[in-house]
Amino acid sequence: MIFSGKIKNRLSGWIFLAGFCLFFGNVATAQLLSPGELGKVHKHLEGIENCKKCHTSEKEIDPAKCMDCHKTIGTDWKSGKGYHGWLKVNEKKTCVECHSDHNGLNFEMVRWLEKDKKQLDHSKTGYELTGGHKKIRCESCHQPANHDKTQLSADQSIKSPKTWLALDTNCLSCHFDEHRGTLAETCEDCHDTENWKKAPKFDHAKSKYPLTGKHVSTDCAECHKPVKDEKVWRTKTDKDYLQMDKLKFPDCLSCHINPHPPAMSTDCASCHNTTGWKNTSHQEGFDHDPTGYPLTGEHKKLDCAACHFTDVSKAKSDVTKLVLSNFQKKAMAYKACTDCHADGHKKQFTKNGILQPCEDCHTTTGFKPSTFTTEKHEKTQFPLTGAHEVTACTECHHKDGKADWIFVPLDKDCQSCHTDSHKGEADKFMTIGKNGKLDCESCHVTDQWKVTKFDHSKTNFPLLGGHTSVSCIDCHKREGKKPGIIRFKTAVKKDCVSCHEDIHSGQFTENGTVDCQKCHTETNWVASKFEHNRDSRYKLDGAHSGVQCQSCHKTEMVLGKELVRFKPMEVTCESCHGK
């Protein structure tokens, strides 16, 4: 207690009177010497014999003496913790600077106004208010129901229900234990003060069951089910709580319903993973070989539901409409490909009423390409030869690329695939094939279309000499745009000038025609058949028989073109020798 100056001035008189009273043992008289009546909480300290329980010999208030009674505050004071410890360390305050006495029986030594409460920096108490704690009134926490009973029993000075002391920082000192003691009381390990229902600090990866895949986004309550327990806490009743411990998490079926027949293994992880129940592709854990149907090729990439449907037609139409109860394992038809796959060839490969195995042409690596080789084609009614061996199957069996593939029946005549580029011009030279139709192979071979084996001697124009090495197209011209028409029986003349140029410019034309064969043969252009004495009007004899032809038959320019003159020719001596 700090005395005022006025009281100090009268101190000597008080001491005298106090000594007088003590001498005479008159307590009532001693009371008259007090600076004022003590408050209710200190009422038991009235009497001059109790002064030293608070005052020193210098009559000052000794904080250490305060702590003899106020043990909770004393602990904070000595350790420098709590609000009173903070005041001592940071503001060097003593008790009497905030709390005084001798001011009357009803004086409030601890008096907090609302504005004081709002201005208080709660972090100075050693417990910073965050999140939702910032929004509530002080009395919501500082109430008798939340007082620490241990502190109350140890410190008689904080018996008042209005005390701001005797609180514990443990969450459960104010809050109901939602977990019913199944978890540690260190709520802050998982929760923060922002939202009680969330546990942002909890790391499931550090638990005995790390979450992966879809489990990460699953609501906690999906696994941690409510447990009925009408627990009464203070004035509240909590009817249930979420079970957080002692869950049978190693077994998938503790949370999930088994959709499969009893005969199937309950080791879900051998087929499934947490990325999604339907994600069963590439499950290395499940060995399909012992099932009697080892998965190979594209079958390895399929979702299990694509095959494991009671109603296969449903699986084909929409595998997303998976009905788990329809999943079947035993008694599945899988011997024939058509047990699961539609017959893409629509029974074209049926023999004696039995559909031939798809494996003859296809494998599980993919429907395309077919494994039906040219060697296998040899065993059909149409062995592949020449260019046909390297022709794509689609060229004959799937021409338009849209309609169904055609294998049976398929015409084997050339015209069913190839266009008759001759437009019937060569029909009369063609033989009838085994199928009763005109056979292009009468002239052509499969190695190359331009290579022919036609015997021209069957026509009325046998090929001789140089004609034997001439390409057909040189005489049988193509008409129109490609592919056009190659003429054979019409518009093809047999006279030389219809194909060859008359290099003599009509000198040997007789009656409108030129008969080249009078002088030439098909072997070469030399006039080997011409005899000067027989075929001309000027016989060569004497010295003339040894003269070179060009000595008489000169080259001249006629209409800008060189021409060897043969007819008409002067036959007089003067025309060559002069006069």
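Treat the numbers as computed from the prediction; the structure is a model and nothing was measured. (Residues numbered from 1 in each chain as written. Predicted model: local features only at pLDDT ≥ 70, side-chain atom pairs only at ≥ 80, totals over all residues. Heavy atoms only, no water.)

1. Some remarks on the packing of aromatic side chains
Here the structure, examined in full by the defined rule, presents eight aromatic pairs. An angle of 40° between the planes, with centres 5.6 Å apart, marks the rings of phenylalanine 176 and tryptophan 233 as tilted. Of this pair, phenylalanine 176 sits in the loop between α9 (149-154) and α10 (220-223) while tryptophan 233 sits in strand β1 (residues 226-233), placing them 57 residues apart in sequence. Here the two residues phenylalanine 176 and tryptophan 233 agree in accessibility, since each one is buried. Both rings, one in phenylalanine 349 and one in phenylalanine 407, keep their centres 5.0 Å apart while their planes meet at 50°; by these two values the pair is tilted. Within this pair, whereas phenylalanine 349 is found in the loop between α11 (312-317) and β3 (350-351), its partner phenylalanine 407 is found in the loop between α13 (394-397) and β5 (431-432), the two being separated by 58 residues in sequence. (Phe/Tyr/Trp six-rings, centres within 6.5 Å; stacked < 30°, edge-to-face > 60°. Helix = DSSP H or I, 4+ residues; strand = E, 2+ residues; numbered from the N terminus. Buried < 20%, exposed > 50% of the residue type's maximum accessible area, 1.4 Å probe, protein only.)

2. Some remarks on the pattern of salt bridges
One pass over the full model with this rule turns up 16 salt bridges. The partner of aspartate 413 in a salt bridge is lysine 437, with the nearest N and O atoms 3.6 Å apart. Residue aspartate 413 is located in the loop between α13 and β5, and its partner lysine 437 is located in the loop between β5 and β6 (438-439); the two are separated by 24 residues in the primary sequence. Lysine 437 sits in the partly exposed class, given a relative accessible area of 39%. (Salt bridge = Lys/Arg side-chain N within 4 Å of Asp/Glu carboxyl O.)

3. Structural notes on the confidence of the model for the chain
Per-residue confidence for the chain gives a mean pLDDT of 82, with 87% of residues at or over 70. Counted against residues more than four places away or in other chains, residues 1-30, with its pLDDT under 50, gives 29 contacts. (pLDDT = per-residue confidence, 0-100. Contact = heavy atoms within 4.5 Å.)

4. Looking at the pairing of β1
On a regular strand, each side chain points to the face opposite its neighbour's, so the side chains alternate between the two faces of the sheet. Both β1 and strand β2 (residues 236-242) contribute to a ladder of six bridges, which runs antiparallel. Pairing of tryptophan 233 across the sheet is with lysine 236, part of β2. Hairpin remark: β1 followed by β2, antiparallel, with two residues in the connecting loop; positive phi at arginine 234, about 55°. (Pairing = 2+ DSSP bridges.)

5. Considerations on the environment of phenylalanine 454
Mapped onto the elements, phenylalanine 454 comes out in the loop between β6 and α14 (472-475). Judged by its relative accessible area of 27%, phenylalanine 454 falls in the partly exposed class. In sequence terms phenylalanine 454 and serine 442 are 12 residues apart; their C-alpha atoms lie 6.8 Å from each other. Setting aside its immediate chain neighbours within four residues, phenylalanine 454 contacts Phe429, Ser442, Cys443 and Thr459.

6. Details of unusual backbone geometry
Across the junction of valine 408 and proline 409, the peptide omega takes the value -10°, indicating a cis bond. Within the element layout of this structure, proline 409 appears in the loop between α13 and β5. In this structure, proline 568 follows lysine 567 across a cis peptide bond, with omega equal to -15°. Looking at the secondary structure, you find proline 568 in the loop between β12 (561-564) and α17 (574-577). In this structure, lysine 347 is a non-glycine residue whose phi angle is positive, near 65°. By secondary structure assignment, the location of lysine 347 is in the loop between α11 and β3. Positive phi values are uncommon outside glycine, yet asparagine 352 reaches one of about 55°.

7. Regarding the packing of helix α5 (residues 71-79) against helix α6 (residues 82-91)
Packing of α5 against α6 brings their axes to within 7 Å, and their N-to-C directions diverge by 40°. Between α5 and α6, the crossing angle belongs to the class labelled oblique. By crossing handedness, the relation of α5 to α6 is classed as right-handed. On the side of α5, the interface is formed by Ile73, Asp76, Trp77 and Lys78, while α6 contributes Gly82, His84, Gly85 and Lys88. Split by residue class, the contact of α5 with α6 holds two nonpolar, three polar and three charged. (Axes fitted to C-alpha atoms, helices over the stretch in contact; angles between N-to-C directions. Parallel < 35°, antiparallel > 145°, perpendicular 65-115°, else oblique. Left-handed = near helix turned anticlockwise from the far one by under 90°. Nonpolar A, V, L, I, M, F, W, Y, C, P; charged D, E, K, R; others polar.)

8. Details of α6
Inspection of α6 places Gly82, His84, Gly85 and Leu87 among the buried residues, and these make up the whole buried set. At the exit of α6 stands lysine 92, carrying a positive phi of roughly 55°.

9. Looking at α5
Three or more residues of α5 are buried, namely Thr72, Ile73, Gly74 and Trp77. Considering only its buried residues, α5 is in contact with α4 (63-69), α6 and α9. A positive backbone phi angle near 75° is found at glycine 80, which sits one or two residues after α5.

10. Quick notes on a negative patch on the surface
Residues Glu375, Glu378, Glu389 and Asp447 make up a contiguous surface patch of negative charge. When you line up the elements, aspartate 447 lands in the loop between β6 and α14. (Patch = residues over 30% accessible without salt bridge, like charges linked within 9 Å, V, L, I, M, F, W, Y side chains within 5 Å. Areas by Shrake-Rupley, 256 points an atom, 1.4 Å probe, with all protein chains shown as cover. Lys, Arg positive; Asp, Glu negative; His and termini not counted. Charge placed at Lys NZ, Arg CZ, Asp CG, Glu CD.)

11. Focus: the nonpolar core
Soluble globular proteins tend to bury their nonpolar side chains together. Cys66, Met67, Ile73, Trp77, Cys95, Leu152, Ile158, Leu165 and Ala166 form the largest nonpolar core, which has nine residues in total. Going through the elements one at a time, α4 and α5 are the ones with two or more residues in this core. Every residue in contact with cysteine 66, bar those within four places of it in the chain, is listed here: Ile61 and Cys95. (Core = buried A, V, L, I, M, F, W, Y, C linked by side-chain atoms within 4.5 Å.)

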